[in-house]
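# Architecture at a glance
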Amino acid sequence: RRSEFFYFTLFTFWLLAVSIILIGWRFGGFYAGILASILILLSSWSFVYFYYPAYVQFSTALFIFALMDLASSNDAALFQSGLLAALAVLSNNSMIIYVLSLGLLIILRGFPKVRESVASLGWFSCGIAAVFVFFELLNRAGIADALMGSAHLDSPLRTLILYYQRSVEANHFLLRGF
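Rules used throughout
Residues numbered from 1 in each chain as written. Predicted model: local features only at pLDDT ≥ 70, side-chain atom pairs only at ≥ 80, totals over all residues. Heavy atoms only, no water. Helix = DSSP H or I, 4+ residues; strand = E, 2+ residues; numbered from the N terminus. Contact = heavy atoms within 4.5 Å. Areas by Shrake-Rupley, 256 points an atom, 1.4 Å probe, with all protein chains shown as cover. Core = buried A, V, L, I, M, F, W, Y, C linked by side-chain atoms within 4.5 Å. Buried < 20%, exposed > 50% of the residue type's maximum accessible area, 1.4 Å probe, protein only. Phe/Tyr/Trp six-rings, centres within 6.5 Å; stacked < 30°, edge-to-face > 60°. Expected span 1.5 Å × (residues − 1). Polar contact = N/O pair within 3.5 Å; in protein donor to acceptor, adjacent residues only side chain to side chain. pLDDT = per-residue confidence, 0-100.

What follows covers the overall build of the protein. The helix and strand tally for the protein stands at nine helices and zero strands. Element order for the protein, N to C, with α for helix and β for strand: α-α-α-α-α-α-α-α-α. Considering only intrachain contacts with a sequence separation of at least 6, the fraction spanning at least 24 residues in the protein is 61%. Accessible surface for the protein amounts to roughly 11,400 Å². Of this, 70% is attributable to carbon and sulfur atoms.

Below, the structure written as C-alpha cells:
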C-alpha cells in the first residue's frame, strides 16, 4: 500500500507536466509543449524533486498557470492570476521573487499606457489579497484551528513575515517593525 505522500507527489508531478505542456502549447504549439515537458521532467533536477519536496512541483505549476492567465488582458484572468500566484507563494515561500516578476511583467506589458498598467496590476493585487484575507478570516474565526485539531496555524501573512525575517537575519540583515 502506498502512502498519501506518494500520491500527492505523483499528482504534483503530473500537474507540473500538464502546466508545462499547456504553456508550451500556448507559445510554441502542442508538440513544443510535449517536448518541453519531456525534457524538463526527465532532467536530473526533476527526478531529485520527484521524491522529496513535492511542494516545488505544486508551486511551480501554480506559477505557470498564473503566468498563462497573464496572457489575457481580461480583468477576471488578472484576478485569477493573483489568486494562483498567492497560492504559489503560500505553498513555497521562495516563489515570492517570481510573483514579483509577474507584477513587473504586468507593468511592462501595459507600458506606456500607465492607467492600463495600474488597473491591471490592481486586479492582480486584489487576487493576491483575496487569498490572504480568506485565510486570515479562517484563522480569526478559529476554523483553521478546528480543522487542524491540536496543531495551531499562524495566519499566512504572519508565517511569511517570520519566514522572510529569518532569511534576512540569517544573511546578517535586520527587518525592523515586524
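Let us look at the nonpolar core. Proteins that are soluble and globular tend to have nonpolar side chains buried together. Formed by 18 residues in total, the largest nonpolar core has its most connected members in Leu70, Ala85, Leu102 and Phe124. At the level of elements, α4 (54–69), α5 (75–91), α6 (96–110) and α7 (114–140) are the ones that each hand at least two residues to this core. Take this core: its biggest share by element is six residues, from α5. The residues touching Ala85, leaving out its near neighbours within four places in the chain, are Ala66, Val99, Leu102 and Phe124. With ten residues, the next largest nonpolar core counts Phe13, Ile20, Ala61 and Met68 among its residues.

A word on the packing of aromatic side chains. Under the definition given, this model contains six aromatic pairs. Taking 5.1 Å as the distance between ring centres and 75° as the angle between the ring planes, the aromatic pair formed by Trp25 and Phe30 counts as edge-to-face. Ring plane angle 70° and centroid distance 5.6 Å describe the contact between Phe30 and Tyr31, whose orientation is recorded as edge-to-face. Since its relative accessible area comes to 36%, Phe30 is described here as partly exposed.

Under the 1.5 Å per step criterion, the end-to-end length of α5 is 25 Å for 17 residues, consistent within 8% with the ideal 24 Å. Within α5 the residues assigned to the buried category are Ala77, Leu78, Ser81, Gly82, Leu84, Ala85, Ala86, Ala88 and Val89. N-cap assignment for α5: the residue whose side-chain oxygen lies 2.7 Å from the backbone N of Ala76 is Asn74.

Of the residues in the protein, 85% have a pLDDT of 70 or more, and the chain-wide mean is 80. Between the elements of the protein, mean pLDDT differs from a low of 64, seen in helix α3 (residues 44–51), to a high of 93, seen in α5.

Here Ser37 is to be found in helix α2 (residues 30–41). Each residue touching Ser37, except ones within four places of it in the same chain, is listed here: Ala17, Ile20 and Ile21.

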